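In case you want the letters, here they are:
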Amino acid sequence: MYGSGILAGLGVTLKHFIDSYVDDLKFLGQRYYNPASLNQRQGTRGKGVFTVQFPEEKLPTPERFRFIPFLLYDEKPDGTHDDRCTSCGICAKVCPPQCIWIKRSNDPVTGRPVPQPAAFYIDIDICMNCGYCAEYCPFDAIKMDHDYELASFDRTSAHIFDKQKLDKPVAYYASLRPTDYAAEELVRAEEEAKKAAKKADAASKAAAPVAV
Ligand code: SF4
Ligand code: SF4
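Residues numbered from 1 in each chain as written. Chains lettered and ligands numbered in written order. Predicted model: local features only at pLDDT ≥ 70, side-chain atom pairs only at ≥ 80, totals over all residues. Heavy atoms only, no water.

### What about the nonpolar core?
At step 1: One finds Ile100, Phe120, Ile122 and Ile142 to be the most contacted residues of the largest nonpolar core, which totals 22 residues.
At step 2: For this core, the elements supplying multiple residues, two or more each, are β1 (67-75), α3 (90-94), β3 (100-106), β4 (113-123), α4 (132-136) and β5 (142-145).
At step 3: When sequence neighbours within four positions are dropped, the list of residues in contact with Phe120 reads Leu71, Cys85, Cys91, Ile100, Trp101, Ile102, Ile142, Phe161, Asp162, Lys163 and Leu166.
At step 4: Judged by nonpolar contacts, the second largest core, of five residues, contains Phe70, Leu72, Tyr173 and Leu176. (Core = buried A, V, L, I, M, F, W, Y, C linked by side-chain atoms within 4.5 Å. Buried < 20%, exposed > 50% of the residue type's maximum accessible area, 1.4 Å probe, protein only. Helix = DSSP H or I, 4+ residues; strand = E, 2+ residues; numbered from the N terminus. Contact = heavy atoms within 4.5 Å.)

### Comments concerning the pattern of salt bridges
At step 1: A full pass over the atoms with the stated rule returns 15 salt bridges.
At step 2: A salt bridge links Arg188 to Glu185, with the nearest nitrogen and oxygen atoms 3.8 Å apart. Residue Arg188 and its partner Glu185 are both found in helix α7 (residues 178-207); the two are separated by three residues, about one turn of the helix.
At step 3: Overall, the relative accessible area of 30% leaves Arg188 in the partly exposed class.
At step 4: A relative accessible area of 27% places Glu185 in the partly exposed class.
At step 5: A salt bridge links Lys194 to Glu191; the nearest nitrogen and oxygen atoms lie 3.7 Å apart. With a gap of three residues between them, Lys194 and Glu191 both fall in helix α7, about one helical turn apart.
At step 6: Residue classification places Lys194 among the exposed positions, given a relative accessible area of 55%.
At step 7: Beyond isolated ion pairs, a larger network of salt bridges with shared partners links Asp74, Arg84, Asp140, Lys143, Glu184, Glu185 and Arg188. (Salt bridge = Lys/Arg side-chain N within 4 Å of Asp/Glu carboxyl O.)

The values reported here are purely geometric and, on their own, carry no functional implication.
Laid out in structure tokens, this is it:
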């Protein structure tokens, strides 16, 4: 019969429409913010139309969510901090749209390179949030952020993030991605223990009396 496909399609739409209200009643008063509701309505078992009225309502951000990267620094007890970035340039090399620009520091006396960035820029309009920079950084110095509300009317400098804007403490990263942070810290501790054992071994060998 002509038009049966259209009728079937409209029937599916109508079913979704009715299911939306049935689900709304099922989760009355706990529509978005309840994990059980989110699992049900956003998952494969979800029925009906489920919309979030952003920005008044926001879904919780999953830990692995990635948006514009940021740079990590370690806070020291004396109030100063150490950049983890050594300005090796690997992130800039692997960045597919080439939106990272780094300027290396030089020793003012000798002019020799210092493993620290003098400047670090990311063009957030070009960044595609792929996370390659974070994956490839050998120093865990750049990580993906969760802050996605970065829109502005400025079409020029506001979207070029400089080092000041990109810098964030390690504690921020730990709160954002506790699972990744814990795994990385474990590896770090193991590496440090290996280094210490190697050093102690070398020191004991050097201190041992030489057989005549
Ligand atoms: S963020 Fe990492 S990969 Fe990029 S320059 Fe710094 S240390 Fe190298
Ligand atoms: S997330 Fe991807 S596109 Fe963005 S700066 Fe990192 S490598 Fe480049």
